[in-house]
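What follows is each chain in one-letter form.
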Amino acid sequence: MQKIENYIGGELVAAVSGGCLDNFEPATGHVYSLIPDSDAADVENAVAAAKAAFPGWSSTPAEERFTILMRLVSLIERDLDSLALAESIDNGKTLAIAKRLDIPRAASNFRFYATAAMHTANESHDTTGQALNYTLRQPLGVAGCISPWNLPLYLFTWKIAPAIAAGCTVVAKPSEVTPMTAYLFSKLSIEAGLPPGVLNVVHGLGPKVGSAIVGHKDIKAISFTGGTKTGEEIARTAAPMFKKLSLELGGKNPNIIFADCNYEQALAETRRAAFANQGEICLCGSRIFVERPIYEKFKKDFVADVSRLKVGDPLADGTDVGAIVSKQHFDKIMSYIELAKEEGGTILCGGNPLDLAAVKAETRPVGSVSETRQLGGWYIQPTVIEGLSHDCRTNQEEIFGPVATIMPFDTEEEVLGYANSVRYGLSSTIWTENLSRAHRIAADIESGIVWVNCWLLRDLRTPFGGVKESGVGREGGFEALRFFSEEKNVCIRL
Ligand code: NDP
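Below is a summary of the structure that appears in this document. Because the structure is a prediction, the values reported are computed rather than measured.

1. What about the sheet that holds strand β5 (residues 30–36)?
Taken in spatial order, the three strands make up an open sheet running β1-β5-β4, and their pairing is mixed. Of all strands in the sheet, those with a lone pairing partner are β1 (2–3) and β4 (20–25), marking the two edges. With two bridges connecting them, β1 and β5 associate as parallel partners. When the sheet's bridge partners are listed, Lys3 is paired in β5 with Leu34.

Structure representation (structure tokens):
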């Protein structure tokens, strides 16, 4: 069985303890590879390697850093098909979305920050007649990057690309649920000639490896994406150590549809926003609010559309919704569907797990041979629920699966109240042809990102992040490069 390895000081190595954890394929429910069960000893080695590499890497000219990072872009693009296949097998997401979204975005992350590093400039302030101030922006040292399982390589690279481009060295931990593409990426880093120790990847459990990274005295900053509860724990350790913190956390995003919207567009994108990647995207629009005059029609058309989504083998052509990432997450989603019923919700479609054990799946390539699989993994029918109040638990807590609720509203003020009633504030979507209304709501809605007449339309230059319990700080653009550097003002008397 394939054994994933840590990447420390430029070498692929087993965990110091020699222990391993099982890695499951969500489509089949079977263990298909083993992960190093690393701990504080491995983190210690990784930090030592990162510290040793820092003086050299931080003083490497931007153009040389750019060249190495662009080599990584070429290698990701060269291996797009095999990386997408690995991501789909590891996560349960469809091969189509891995090919279209995850892996291209990993390449874009590196391309974006490789070029950004070539275009950073420092400010100077002329204190008339007295002094000249200039600001030095210096890489802050060893950075810790911790990423989740839902968009594994996409979010892993979204953190390490700006860190490395800024001149930091990195100790990174991908989610232990989806470690495969970070491992393949370690191999690409060796092939690209990234100097040993610039990037170190330690696999293993959050409470062991993640917390050792967060609590390590020589790690100057933590960039974390994951759940709000984990974010809280991280802040509790890191804040008293005065570490820089970027926290990208959970969401419970509203999708507001006014009667004057472009109906067909709103319908298609609402389905995508709720169920793309099995609903396992922090930006998914899981609370759908529809203005009363079109509510019944929209509901009927939406449910008909959602019922047509094909759930099945992530590797097969034509699958819309793949497998849920783990048994644990499957149980959590199913418990919320039960809760919704207890809270008085009516299931309009879905609501059940899907047993595909009897279905013979497509063969998948394993090394040079092919293997036929039995789909005994974790599948849930895309589920739409109506009849719940905006303040019940189903509508307040993050489910992070193929489950959306739908409800009518009458006024702008009322729907804004519903939208803002949650403790989260990551993203929101508004569908209307009334520009004044779009501006009004965009200004008043409590979220870090507002999409008007679109969803998940991303420009990497824009600030990305949440308000309230969805996070602290912004990623994206020059903001991320600034996060991984420290500013120093130099004042020279004239
Ligand atoms: P978790 O918070 O469970 O885990 C995220 C990462 O943190 C994993 O690598 C995990 O390791 C690690 N971790 C767990 N416990 C600790 C700890 N005590 N100290 C340090 N690290 C730890 O989130 P999920 O992986 O379940 O991801 C889903 C969540 O991520 C959702 O809430 C979603 O909304 C959010 N998310 C937010 C995004 C945003 O941009 N705002 C984007 C994508 C997802 P391990 O896996 O081994 O437990």
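Structure shown, so let's carry the discussion forward.
2. Comments concerning the packing of aromatic side chains
The full count for this structure, using the stated rule, is 12 aromatic pairs. On the basis of an interplanar angle of 85 degrees and a centroid distance of 4.9 Å, the ring pair of Phe483 and Phe484 is categorised as edge-to-face. Owing to a relative accessible area of 13%, Phe483 belongs among the buried residues under this scheme. You can call Phe484 buried: its relative accessible area is 2%. In textbook terms, an aromatic cluster arises when at least three aromatic residues are bridged by ring pairs, as seen for Tyr263, Phe275, Phe298 and Phe302. In this arrangement the basic side chain of Arg437 is found over the ring face of Phe258, its NZ or CZ atom lying 3.9 Å from the centre.

3. Overview of the packing of helix α4 (residues 95–117) against helix α5 (residues 152–165)
Between α4 and α5, the least distance of the axes is 8 Å, while the angle of their chain directions is 10 degrees. Comparing their axes, α5 and α4 come out roughly parallel. Across the interface between the two elements, Leu101, Asp102, Ile103, Arg105, Ala106, Asn109, Phe110, Tyr113 and Ala117 from α4 touch Pro152, Leu153, Tyr154, Thr157, Trp158, Ile160, Ala161, Pro162 and Ala165 from α5.

4. So, the site of the ligand
Taken together, 31 residues lie near the ligand, and Glu176, Thr230, Leu249, Cys282 and Glu398 sit nearest. Ser147 places a main-chain nitrogen or oxygen 2.8 Å from an oxygen atom of the ligand. Within the side chain of Lys173, an N or O atom sits 2.9 Å from an oxygen atom of the ligand. In the complex, 88% of the free accessible area of the ligand, which totals 900 Å², lies under the protein chains. If you list the elements that add at least two residues to the shell around the ligand, you get α7 (206–214), β11 (219–225) and α8 (228–238). Tallied by class, the residues present in the shell around the ligand amount to 13 nonpolar, 13 polar and five charged. Here the shell around the ligand gathers at least three residues from each of two domains, domain 1 (2–249 + 470–493) and domain 2 (254–459).

Quick notes on the rules
Here the residue index of a chain counts from 1 through its sequence in written order. This being a predicted model, a pLDDT of at least 70 is required before a residue's local features are given, and a value of 80 or more before pairs of side-chain atoms are given or counted; all residues contribute to the totals for chains, interfaces and linings. To obtain the side-chain values, all non-hydrogen atoms of the structure were included, while hydrogens and water were left out. A pair of strands is considered paired only if DSSP assigns at least 2 bridges between the two. To qualify as a helix, a DSSP run of H or I must reach at least 4 residues; to qualify as a strand, a run of E must reach at least 2; elements of each kind are numbered from the N terminus. Here a pair means two rings of Phe, Tyr or Trp (six-membered ring of Trp) with centres within 6.5 Å. Their orientation is stacked below 30 degrees between planes, edge-to-face above 60, and tilted elsewhere. Each residue is assigned to one of three classes by its accessible area relative to the maximum for its type, calculated with a 1.4 Å probe on protein chains only: buried under 20%, partly exposed between the two thresholds, exposed over 50%. For a Lys NZ or an Arg CZ to count as sitting over a ring, it must be within 6 Å of the ring centre and within 35 degrees of the ring normal. To get an axis, fit a line to the C-alpha atoms, keeping to the stretch in contact for a helix; angles then go from 0 to 180 degrees between the N-to-C directions. Oblique is the label for any angle not covered by the other classes, which are roughly parallel (under 35 degrees), roughly antiparallel (over 145) and roughly perpendicular (65 to 115). Any two residues whose heavy atoms approach within 4.5 Å are treated as being in contact. Being near a molecule or strand, for a residue, comes down to having at least one heavy atom within 4 Å of it. Here a polar contact means two N or O atoms within 3.5 Å. Within protein one must be a hydrogen donor candidate and the other an acceptor candidate, and residues neighboring in sequence count only if both atoms are side-chain atoms. For accessible areas, the Shrake-Rupley method is used with a probe of radius 1.4 Å. Any residue's cover is judged against the shown protein chains and nothing else. Classification used: nonpolar for Ala, Val, Leu, Ile, Met, Phe, Trp, Tyr, Cys and Pro, charged for Asp, Glu, Lys and Arg, polar for all others including Gly. The source of the domain bounds is an automatic or database domain assignment.

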